Amino acid sequence: MTTQEEFTATLRSLRVWDTPTLPAFAPDTAPTTPLPLFHDWFTAAAKAGQPEPHTMTLATVDTDGRPDARTVMLHDADPAGWHFASHSTSAKGRQLAAHPEAALGFYWPAVARQIRIRGRVSAAGAAESRADLSVRSRGALAAALTGHQSEVLGSLDELARASADAWARAAAEPDAPAPTWTRYVLEADEVEFFQGDAERRHVRLRYRRTAAGDWTRELLWP
C-alpha cells in the first residue's frame with residue numbers, strides 16, 4: 001500500500017499548465033450565447049487529443065440538501081440544453097425527480113480549459129429515452145438491462161451473472177426495452193468558460209440568462 005509520505009510526495013511533484021503553448025482566449029470575441037462557444041471548445045479539446053472529452057461531472061443534491069457528484073457521458077448539446085441519460089431509479093434519477101436542478105463540469109487538461117454549467121433538468125418521455133438508448137452500443141444496452149443502478153450489491157458473482165444475462169439478451173433483442181432508462185436535458189441559466197494560463201492569469205467568462213431569456217456576459221477574477 002502507498003504510504004502517506006509517498007502520496008504526499010507524489011502529489012507535490014505534480015505540475016499543471018507549465019507550457020507556453022496553451023490556447024488563447026479573447027472573451028471580447030466570444031459569441032453572444034454560450035452554446036456556439038461550447039461547441040468550439042469541445043471540438044478543440046477533441047482535436048488536441050483530450051481523452052474522452054464527452055465525460056463530465058454531474059452534481060445533484062439529495063433530499064437532505066447534501067451535494068452528490070459523479071462522472072457521466074454527454075449525449076448532446078443543442079438549443080434545448082445539455083443531454084445525458086441514466087436510470088430514473090438510480091440515485092441521480094431520484095435526486096433529480098425531487099430537486100430538478102443540477103450542475104455540470106467539464107475539465108480538459110490538454111487545453112487547460114474548464115466549463116461549468118448550472119440549470120434546471122427535465123426528463124424526456126419514454127419514446128425519446130428509448131431512442132437515446134437505441135443509438136448507443138450493445139454494451140450500453142446490456143448495462144441498461146442489467147439495471148439495479150445504485151442499489152446494494154451482494155457480491156461480484158451476482159453482478160457477473162446479471163451482466164452475462166443482460167449481454168445475452170442485448171444480443172438476442174437489440175430493441176429490448178429498458179423501462180427506467182431516461183434521457184435528461186439540463187437547460188442552462190449559467191455557463192462559465194475558464195481558460196487556464198501558465199502564469200496563472202486565468203481568463204473566466206460567465207454567461208447568465210436574464211429574466212427575459214437573453215444572455216449577459218461578464219468576466220470573473222481567477
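You'll find the structure just up there.
Here's a quick rundown of the structure.

Some details on the overall build of the protein
Check the secondary structure of the protein and you find six helices and nine strands. If one aligns the C-alpha atoms of the protein with their principal axes, the spans along those axes are about 55 × 55 × 40 Å. Per-residue burial over the protein gives 36% buried out of 222 residues. Residue pairs in contact within the protein that sit at least 24 positions apart in sequence constitute 64% of those at least 6 positions apart. When the accessible surface of the protein is totalled, it reaches about 13100 Å², and 54% of it is carbon and sulfur. The averaged location of the 28 negative side-chain charges in the protein is 2 Å from the averaged location of its 24 positive side-chain charges.

Quick word on the environment of histidine 87
When you line up the elements, histidine 87 lands in strand β4 (residues 81–87). Remark: the alpha-carbon pair of histidine 87 and threonine 146, spanning 59 residues in sequence, is separated by 11 Å. In this structure, histidine 87 is in contact with Gly93, Ala143, Ala144, Gly147, Gln149, Thr180, Trp181 and Tyr184, ignoring residues within four places of it in sequence. Within the structure, the side chain of histidine 87 is placed 3.3 Å from the backbone oxygen of alanine 144, a separation counted as a polar contact.

Section: a nonpolar patch on the surface
Judged by side-chain polarity, Phe7, Leu11 and Leu14 come together as a nonpolar surface patch covering roughly 320 Å² of accessible area. Note on placement: leucine 11 falls in helix α1 (residues 4–13).

Concerning the nonpolar core
If you look at the biggest cluster of nonpolar residues, it comprises 31 residues, and the most contacted ones within it are Phe38, Trp82, Phe106, Ile115 and Ile117. Contributions of two or more residues to this core are made by α2 (34–47), β1 (55–61), β4, β5 (101–108), β6 (113–123), β7 (181–195) and β8 (203–209). Formed by 11 residues, the second largest nonpolar core is a distinct cluster that contains Leu141, Ala142, Leu145 and Ala176.

What to know about the packing of aromatic side chains
Within the structure shown, the criterion is met by 11 aromatic pairs. Look at phenylalanine 193 and tyrosine 207: their rings are 5.7 Å apart centre to centre, the planes differ by 70°, and that puts the pair in the edge-to-face class. Within this pair, whereas phenylalanine 193 is found in strand β7, its partner tyrosine 207 is found in strand β8, the two being separated by 14 residues in sequence. Both residues of the pair, phenylalanine 193 and tyrosine 207, belong to the buried class. Each residue in the set Phe25, Trp41, Phe193, Tyr207 and Trp215 is aromatic and connected to the rest through ring pairs, giving one cluster. Here the basic side chain of arginine 113 rests over the ring of tryptophan 41, its NZ or CZ set 4.1 Å away from the ring centre.

With respect to the pairing of strand β9 (residues 215–220)
As paired strands, β8 and β9 are joined by six bridges and run antiparallel to one another. Pairing of arginine 206 across the sheet is with glutamate 218, part of β9. If you look at the hairpin formed by β8 and β9, you'll find five residues sitting between the two strands, and glycine 213 has a positive phi there, around 95°.

Here's the deal with the layout of surface pockets
Volume-wise, the largest pocket comes out at about 300 Å³. Looking at the largest pocket, it is lined by 18 residues, and the ones nearest its centre are His87, Arg136, Ala143, Gln149 and Trp181. When contributions to the lining of the largest pocket are tallied by element, the ones reaching two or more residues are β2 (67–73), β4, α5 (138–146) and α6 (156–172). Grouping the amino acids of the lining of the largest pocket by side-chain chemistry returns eight nonpolar, eight polar and two charged. For the second largest pocket, the full set of lining residues is Thr146, Gly147, His148, Glu151, Val152, Leu153, Glu158, Leu159 and Ala162. Residues that form the lining of the second largest pocket fall into these classes: four nonpolar, three polar and two charged.

A closer look at helix α3 (residues 91–98)
Within α3 the residues assigned to the buried category are Ala91, Lys92, Gly93, Gln95 and Leu96. If you follow the buried residues of α3, they end up packed against β1, β2, β4, β5, β6 and β7.

Rules and cut-offs
- Residues numbered from 1 in each chain as written.
- Predicted model: local features only at pLDDT ≥ 70, side-chain atom pairs only at ≥ 80, totals over all residues.
- Heavy atoms only, no water.
- Helix = DSSP H or I, 4+ residues; strand = E, 2+ residues; numbered from the N terminus.
- Buried < 20%, exposed > 50% of the residue type's maximum accessible area, 1.4 Å probe, protein only.
- Contact = heavy atoms within 4.5 Å.
- Areas by Shrake-Rupley, 256 points an atom, 1.4 Å probe, with all protein chains shown as cover.
- Lys, Arg positive; Asp, Glu negative; His and termini not counted.
- Charge placed at Lys NZ, Arg CZ, Asp CG, Glu CD.
- Polar contact = N/O pair within 3.5 Å; in protein donor to acceptor, adjacent residues only side chain to side chain.
- Patch = residues over 30% accessible without salt bridge, like charges linked within 9 Å, V, L, I, M, F, W, Y side chains within 5 Å.
- Salt bridge = Lys/Arg side-chain N within 4 Å of Asp/Glu carboxyl O.
- Core = buried A, V, L, I, M, F, W, Y, C linked by side-chain atoms within 4.5 Å.
- Phe/Tyr/Trp six-rings, centres within 6.5 Å; stacked < 30°, edge-to-face > 60°.
- Lys NZ or Arg CZ within 6 Å of the ring centre and 35° of its normal.
- Pairing = 2+ DSSP bridges.
- 1 Å grid on protein atoms, 1.4 Å probe; cavity = no way out; pocket = protein on both sides within 12 Å on 5 of 7 lines; lining within 4 Å.
- Points joined across faces, edges and corners; volume = space filled by probe spheres on them.
- Nonpolar A, V, L, I, M, F, W, Y, C, P; charged D, E, K, R; others polar.

Take it as geometry only, folks, not as evidence of what the structure does.
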